[in-house]
Amino acid sequence: MDDEKIIALFFERSEQAIRELDIKYGKICHTLSYNIVKIVRNISLKIYWRKEAAKRSGHYTIALEEIEACIADRKTVENEMEARELARIIEKFLDTLTVKERVIFMRRYAYADTYADIARRVGISKKNVSVRLTLIRRKLKEHLMEREVFV
Amino acid sequence: MNAKLFSEAMSEVGDTYYEEAANYYCKKHGWIKWTAMAACLAAVLFTAFSVLSNYSRQQGALPPAHPNGGIVDTPADNPADNPADDTASVTPEIHIRLSNLHFNEMEGISDAALKWYDPELYDTDVVWDKDEVTDYYGKDLTPAYIPDGLTAASGNGTARVVLDKDGKVAEDTVRLNFYHDYYEDGSPKLTEDVAAVKGFSITVSKIGLLNDCLYVLPENEVKTSDIGGTAVTFGYRSMPFGPYDPDTHEPSGYYDIYVAEFEYDGIEYEIVAEQMEAEEVVKVVSSIIYGKEVIVEE
């Protein structure tokens with residue numbers, strides 16, 4: 001539909017205008033918004049690490065402490081392994097999980113959600129979230145060892 | 001490795017994983033409960049009517065008509081399944097009673113599941129032609145019944161899909177449009193009297209990336225209707241259209257939007273119909289399930 005027609009629908013205050021706009025420009029706006037979200041997340045994390053240099057606190061710290069047991073005190077094949085390279089390995093690992101497991105993992109270690117938040121979102125108990133995360137971390141450890149991320 | 005590297009790596013993880021985690025909400029419980037209840041009810045009814053029909057035959061009485069569900073008269077639901085039955089040489093008509101179907105009141109149609117794919121990780125410009133779509137879905141997706149006055153869009157049968165770098169299908173959504181008229185760019189045309197399109201679209205996916213409907217009722221109160229053994233969720237909304245009165249803010253009028261969601265043959269279907277009668281919508285849905293036109297009765 002032409003932009004002019006879409007604008008005319010907006011002037012008519014027709015709900016159809018929103019749907020037509022979404023059909024035509026929804027995908028572009030989505031791409032833009034996700035890029036903005038990613039930039040904001042990266043800036044936020046940089047600020048977080050700067051603050052963490054002085055003080056350790058917060059949900060994200062607790063989540064990272066959990067995962068540290070999986071990865072700490074081990075030398076990586078290359079000590080200066082690129083984050084991007086590790087990200088691809090993590091993606092391969094995520095592909096091996098079920099949708100629910102993947103969401104639990106991402107909500108915990110990307111969004112830093114609490115167990116209670118995750119439990120509400122995926123419809124299981126807090127205890128179940130804890131057990132599942134333990135199993136997922138164990139799988140991650142095996143996955144990293146198989147790919148010789150650790151020596 | 002340390003937590004900081006892990007955290008940085010998590011920042012680099014593809015957006016699709018973030019989107020999946022952001023859009024995921026458990027909505028199975030209500031369905032499980034209702035499905036379980038429906039299964040129990042079906043089992044009870046099946047047993048009860050098996051016993052009753054045997055009893056009726058023994059008494060020389062006629063068996064009762066279909067007591068429940070949408071199907072009123074299906075001598076053989078799918079004669080193709082009974083090739084040995086010589087009496088089924090004439091294809092029986094399938095009747096569906098509209099009053100046996102449930103239309104959930106719907107608030108609107110959301111696109112919360114819309115996904116974006118990082119072009120570095122995915123090929124987003126893959127176009128399947130009609131043969132590729134048919135091969136993938138194992139059938140021609142065009143319904144057996146298309147209401148008079150509606151025509152297939154020129155792009156029907158082809159699809160823009162997303163593959164990952166290993167060639168695995170990441171998004172397989174195919175949309176077919178059947179509307180009364182189209183603009184030059186192929187998009188459905190608005191009708192002159194009502195500022196809305198007229199016709200229906202069918203969106204399908206085997207992976208399950210369809211958009212979600214927003215129902216006014218809590219999800220565990222959403223009722224499904226049985227069509228040929230397939231649970232179909234129908235939604236309905238009376239949609240206002242403009243122009244609106246500048247003083248009273250009243251719309252010019254209302255038109256009907258129907259939505260039908262179901263899974264058949266391992267394929268998820270979502271049908272959105274605008275300015276169509278419920279009867280026509282049910283006929284379209286049923287023709288997909290039965291593979292032929294059915295008769296819908298008031």
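Since the structure is predicted, the reported quantities are computational estimates derived from the model, not experimental observations.

Student: How do you make sense of the overall build of chain B when you look at a structure like this?
Tutor: In terms of regular secondary structure, chain B is built from five helices and 15 strands. Per-residue burial over chain B gives 29% buried out of 298 residues. A separation of at least 24 residues holds for 66% of the contacts in chain B among residues at least 6 apart in sequence.

Student: How should I be thinking about the overall build of chain A in this particular structure?
Tutor: Check the secondary structure of chain A and you find seven helices and zero strands. Here chain A, with 151 residues, has 21% of them falling under the buried criterion. A separation of at least 24 residues holds for 51% of the contacts in chain A among residues at least 6 apart in sequence.

Student: Before we go on, may I ask you to explain the environment of B:Leu190 in this structure?
Tutor: Residues and elements named next belong to chain B. Within the fold, Leu190 resides in the loop between β8 (174–179) and β9 (199–205). On the basis of neighbour count, Leu190 is assigned to the buried category, with 23 C-beta atoms found within 10 Å. A C-alpha to C-alpha distance of 8.9 Å links Leu190 and His180, two positions 10 residues apart in sequence. Setting aside anything within four residues of it in sequence, one finds Leu190 in contact with Ala195, Ala196 and Val197.

Student: Whenever I open this one, the nonpolar core confuses me. Can you help?
Tutor: A general tendency of soluble globular proteins is for nonpolar side chains to be buried together. If you look at the biggest cluster of nonpolar residues, it comprises 50 residues, and the most contacted ones within it are B:Phe200, B:Tyr258, B:Ala260, B:Ile271, B:Val281 and B:Val285. Every element with two or more residues in this core is listed here: β6 (159–164), β8, β9, β12 (230–241), β13 (253–264), β14 (267–274) and α5 (278–290) of chain B. Ranked by the residues each element gives to this core, the list is headed by α5(B), at seven residues. Non-local contacts of B:Ile271, meaning those with residues more than four positions away in its chain, are made with B:Phe200, B:Ile202, B:Val259, B:Ala260, B:Val284 and B:Val285. Residues A:Val103, A:Ile104, A:Tyr109 and B:Phe6 belong to the second largest nonpolar core, which totals 31 residues.

Student: When you look at the packing of helix α4 (residues 83–96) of chain A against helix α1 (residues 3–12) of chain B in this model, what are you seeing that I'm missing?
Tutor: Packed helices, taken two at a time, are described by the angle their axes make and the gap between the axes. In the contact formed by α4(A) and α1(B), the axes pass within 8 Å of each other and the chain directions differ by 70°. The orientation of α4(A) relative to α1(B) falls into the category roughly perpendicular. For the crossing formed where α4(A) meets α1(B), the hand is right-handed. Facing α4(A), whose interface residues are A:Ala83, A:Arg84, A:Leu86, A:Ala87 and A:Ile90, α1(B) presents B:Leu5, B:Glu8, B:Ala9 and B:Glu12. Looking at the contact of α4(A) with α1(B), its residues break down into six nonpolar, no polar and three charged.

Student: Explanation requested: the confidence of the model for chain B in the structure shown.
Tutor: Detailed reading of predicted coordinates is not advised where the pLDDT is low. All names here are of chain B. Looking at chain B, the pLDDT average stands at 77 and 70% of residues meet or exceed 70. At the low end of the mean pLDDT range in chain B sits strand β1 (residues 71–73), at 44; at the high end sits α5, at 95. For residues 55–89, every residue scores under 50 in pLDDT, and the model assigns this stretch 40 contacts once sequence neighbours within four places are set aside.

Student: Just checking my understanding: could you explain the interface of chain A and chain B for this structure?
Tutor: In many analyses, interface size is given as the accessible surface area lost on bringing the parts together. Contacts between the two partners involve 42 residues from chain A, matched on the other side by 37 residues from chain B. For the side of chain A that touches chain B, the secondary structure elements donating two or more residues are α2 (15–52), α3 (59–71), α4, α5 (99–109) and α6 (115–122) of chain A. A per-element tally of the side of chain A that touches chain B places α2(A) first, with 12 residues. Split into classes, the residues belonging to the side of chain A that touches chain B amount to 21 nonpolar, eight polar and 13 charged.

Student: Quick question: what am I supposed to make of the sheet that holds strand β4 (residues 122–128) of chain B here?
Tutor: Residues and elements named next belong to chain B. Taken together, the three strands give an open sheet; going across it, the order is β4-β6-β7, and neighbouring strands pair in antiparallel fashion. On the outer flanks of this sheet lie β4 and β7 (169–171), each paired with one strand and no other. On average, adjacent strands in this sheet sit at an angle of 45° to one another, irrespective of strand direction. Sheet analysis places β6 next to β7, joined by two bridges and oriented antiparallel. What sits directly across from Leu163, in β7, is Val169.

Student: Before we go on, may I ask you to explain the pairing of β14(B) in this structure?
Tutor: Every other side chain in a regular strand lies on the same face of the sheet, so the side chains alternate between the two faces. Residue and element names in this part refer to chain B. Summarising burial for β14: six of the eight residues are buried, a large majority. Across seven bridges, β9 lies against β14 in antiparallel orientation. Opposite Val204, over in β14, you have Tyr269 as the bridge partner. Looking at chain direction, β13 and β14 are connected through eight bridges and run antiparallel. Across the sheet, residue Glu261 finds its bridge partner in β14, namely Glu270. Connecting the antiparallel pair β13 and β14 is a turn made up of two residues, with Asp265 showing a positive phi of about 60°.

Student: What is the right way to look at the packing of α5(A) against helix α2 (residues 15–23) of chain B in this model?
Tutor: Running from N to C, α5(A) and α2(B) point in directions that differ by 95°, and their axes come no closer than 9 Å. Classified by the angle between their axes, α5(A) and α2(B) sit roughly perpendicular to one another. Facing A:Arg102, A:Val103, A:Met106 and A:Arg107 of α5(A), the residues of α2(B) in contact are B:Tyr17, B:Tyr18, B:Glu20 and B:Ala21. Within the contact of α5(A) with α2(B), the residues separate by chemical class into five nonpolar, no polar and three charged.

Student: Where do I start with unusual backbone geometry in this structure?
Tutor: Trans peptide bonds make up the majority, and among non-glycine residues the majority have a negative phi. Omega for the peptide link from B:Gly242 to B:Pro243 comes to 0°, which places this bond in the cis form. Assignment of secondary structure puts B:Pro243 in the loop between β12 and β13. Within the chain, A:Ala112 stands out as a residue other than glycine whose phi angle is a positive 55°. Following the sequence through the fold, A:Ala112 ends up in the loop between α5 and α6. Residue class for A:Ala112 comes out partly exposed when judged on the 18 C-beta atoms lying within 10 Å of it.

Here is what the cut-offs are and how they apply
- Residues numbered from 1 in each chain as written.
- Chains lettered and ligands numbered in written order.
- Predicted model: local features only at pLDDT ≥ 70, side-chain atom pairs only at ≥ 80, totals over all residues.
- Helix = DSSP H or I, 4+ residues; strand = E, 2+ residues; numbered from the N terminus.
- Buried ≥ 20, exposed ≤ 12 C-beta atoms within 10 Å, placed from the backbone.
- Contact = placed C-beta atoms within 7 Å.
- Core = buried A, V, L, I, M, F, W, Y, C linked by C-beta atoms within 7 Å.
- Axes fitted to C-alpha atoms, helices over the stretch in contact; angles between N-to-C directions.
- Parallel < 35°, antiparallel > 145°, perpendicular 65-115°, else oblique.
- Left-handed = near helix turned anticlockwise from the far one by under 90°.
- Nonpolar A, V, L, I, M, F, W, Y, C, P; charged D, E, K, R; others polar.
- pLDDT = per-residue confidence, 0-100.
- Pairing = 2+ DSSP bridges.

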